[in-house]
Amino acid sequence: MSFGFKSRALRSAGVAALISALGTPMMAEEIFYVSGSVGKAVENFKTLVKPWEDATGNTVTIVPMPASTSDQFGQYRLWLAAGATDIDVYQTDVIWAPQLADHFVDLSAVAKDLAPTHFPSIIESQTVGGKLVALPIFTDAPALYYRKDLLEKYGVAVPKTWDELTAAATKIQEGERAAGKGDFWGYVWQGNAYEGLTCDALEWVKSFGGGQIVEADGTISINNEKAVKALETAAAWVGTISPEGVLAYGEEESRGVWQTGNAAFMRNWPYAYQLGNGDDSAVKGLFDVTTLPVGAEGDTSAATLGGWNAAVSKYSKHQDVAISLVMYLAGPEAQKARAISESALPTIVALYDDADIAAAQPIIPQWKSVFLNAVPRPSAPTLGKYNEVSSKFWSAVHETLSGNGSAADNLAGLEADLTDLKGDAW
């Protein structure tokens, strides 16, 4: 398949070659693709799949879901448990493979040549019981967004620790408010009680040296002094450098504050980079990104490993066409297009050295340093119980951030809950 974008004919030829190799029937079909929706994801998807539609004659109808990954997962489980035939392809979070694997088609054989071109760890994350149940379409790792102009204005360095972030955010917020920007905040992030808070809080805990909630060997590690310190630090932001309303923020709410020019720092995923540099953005050209801060010098930055995959439902009546679409979305042509249009991080290793991507999205090669600090959520050791583990974790964190109990008490309670949930084994 061509990596280039010199003409539609070339693109279509590349897709057609893939279709021919897969042996997809030429009879046109409409297939349904379900996906979460943040930013301009739905509009971008229509453009992304057009070369495949042109080459095959098939059409894709996207079924948008709420931005909350927790809400998505709940709906997915309902549809799959019912054996729903009207969804052909599911866009899945990197952590969902162990929990949904039984409902998806094994793509190992059809992707035997494509899979080795992706980051091995990501392919491994989508392999359950020897079956490749989803193909990666882009990966994710969050970063700290910061206003270059405001750091220069106030003589503030890019923060390396959370204490430095707190001090810098406080100084800039006070200065901007004194200048008349009463709605300006130092730092925005994702504080609502959902999977996004698990991601944020895992980064705080890990970057303070407090572990990963549940370790790779299944040990419950969350109840420790470093984790307590991490949550106490974050709780102190609420109502000071972060609005009280941050406790209801998801990715889009925090991006909204940031993109209107009302925050000095933001924690968010790569998709916000392209949107922040859009013509309708108040911060276009005024910001950059860096790795998330650490608890103290000597600690390691942590960025929760995210990423999205495409899986073919076992209950689809159009499996061949659905597989064809998934192979296209996971291939170099679509990954390159998505990287250029959405600043989405490819999972194909070679694309990090692609000149067109570097020219259009210079941030992507820079994101390597962020990706190297990526930390997985404990879905592998907790298997089918991960969703409950995450729910209990984000609930304990949200209670702490809301001032309902101390971090120490809430983490002790969380440890007890997780111990009960684990039983003899995960």
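**Student:** Can you help me understand the pairing of strand S9 (residues 263–268) in this one?
**Tutor:** Each regular strand displays side chains that alternate between the two surfaces of the sheet. The element S9 is largely enclosed, with a buried count of 6 among its 6 residues. As paired elements, strand S7 (residues 143–147) and S9 share 4 bridges and run antiparallel to each other. From the neighbouring strand, Leu144 faces S9, where its bridge partner is Arg267. Pairing analysis gives 3 bridges linking strand S8 (residues 185–188) to S9, with the strands arranged parallel. If you follow Val188 over to S9, its bridge partner there is Met266.

**Student:** I'm lost on the pattern of salt bridges in this one. Help?
**Tutor:** Close approach of charged atoms allows side chains with opposite charge to pair. Taken as a whole and assessed by the stated rule, the structure comprises 13 salt bridges. A salt bridge links Asp54 to Lys50; its shortest N-O distance comes to 3.1 Å. Remark: Lys50 and Asp54 occur in helix H2 (residues 41–56); sequence separation between them is 4 residues, near one turn of the helix. By relative accessible area, which is 39% here, Asp54 ends up partly exposed. For Lys50, a relative accessible area of 35% translates into the label partly exposed.

**Student:** Explain helix H7 (residues 162–178) here, please?
**Tutor:** Two residues of an α-helix separated by three or four positions point the same way, owing to the 3.6 residues in each turn. Along its 17 residues, H7 runs 24 Å from first to last C-alpha, staying within 8% of the 24 Å computed at 1.5 Å per residue. Every buried residue belonging to H7 is among Trp162, Leu165, Ala168, Ala169, Ile172, Gln173 and Glu176, and all of these are buried. Viewed end-on, H7 has its buried residues packed into an arc of 130°, placing them on one side of the element. Relative to its buried face, H7 has exposed residues pointing more than 90 degrees away, namely Asp163, Glu174 and Ala178. Buried residues along H7 sit in contact with S7, helix H6 (148–153), S8, helix H8 (195–207), helix H9 (225–235) and S9. Gly180, located one to two residues past H7, shows a positive phi value of around 110°.

**Student:** Just checking my understanding: could you explain the pairing of S7 for this structure?
**Tutor:** Within S7, 5 of the 5 residues are buried, which leaves it mostly tucked inside the rest of the structure. The pairing of S7 with strand S10 (residues 287–290) spans 4 bridges and is classified as antiparallel. Among the inter-strand pairings, Tyr146 is bridged to a residue of S10, identified as Asp288.

**Student:** Even after reading the chapter, I still don't get the sheet that holds S9, so can you show me in this structure?
**Tutor:** The sheet built from 4 strands is open, its strands ordered S8-S9-S7-S10 with mixed pairing. Since the sheet does not close on itself, it has two edges, and those belong to S8 and S10, each with one partner. Neighbour-to-neighbour, the strand axes of this sheet turn through a mean angle of 15°, independent of strand direction. Strands S7, S8, S9 and S10 of the sheet are contacted by helix H10 (residues 251–259), whose axis makes an angle of about 155° with S9.

**Student:** Is there a simple way to think about the sheet that holds strand S3 (residues 89–93) in this case?
**Tutor:** Strand-to-strand pairing in sheets goes through backbone hydrogen bonds, with the strands running parallel or antiparallel. The mixed open sheet is built from 5 strands, whose spatial order is S2-S1-S3-S12-S6. The open sheet has two free edges, formed respectively by strand S2 (59–65) and strand S6 (135–140), since each of these has just one partner strand. Within this sheet the neighbouring strands show an average axis-to-axis angle of 20°, counted without direction. Examined bridge by bridge, strand S1 (residues 30–36) and S3 share 2 bridges and lie parallel to one another. Paired with Val34 across the two strands is Tyr90, which belongs to S3. Packed onto the sheet, H2 meets S1 and S2 and runs at close to 160° relative to S2. The sheet contacts of helix H3 (residues 69–81) involve S1, S2, S3 and strand S12 (306–312), and relative to S3 the element is tilted by about 140°.

Here is what the cut-offs are and how they apply
Residues numbered from 1 in each chain as written. Predicted model: local features only at pLDDT ≥ 70, side-chain atom pairs only at ≥ 80, totals over all residues. Heavy atoms only, no water. Buried < 20%, exposed > 50% of the residue type's maximum accessible area, 1.4 Å probe, protein only. Helix = DSSP H or I, 4+ residues; strand = E, 2+ residues; numbered from the N terminus. Pairing = 2+ DSSP bridges. Salt bridge = Lys/Arg side-chain N within 4 Å of Asp/Glu carboxyl O. Expected span 1.5 Å × (residues − 1). Arc of directions from axis to C-beta. Contact = heavy atoms within 4.5 Å. Axes fitted to C-alpha atoms, helices over the stretch in contact; angles between N-to-C directions.

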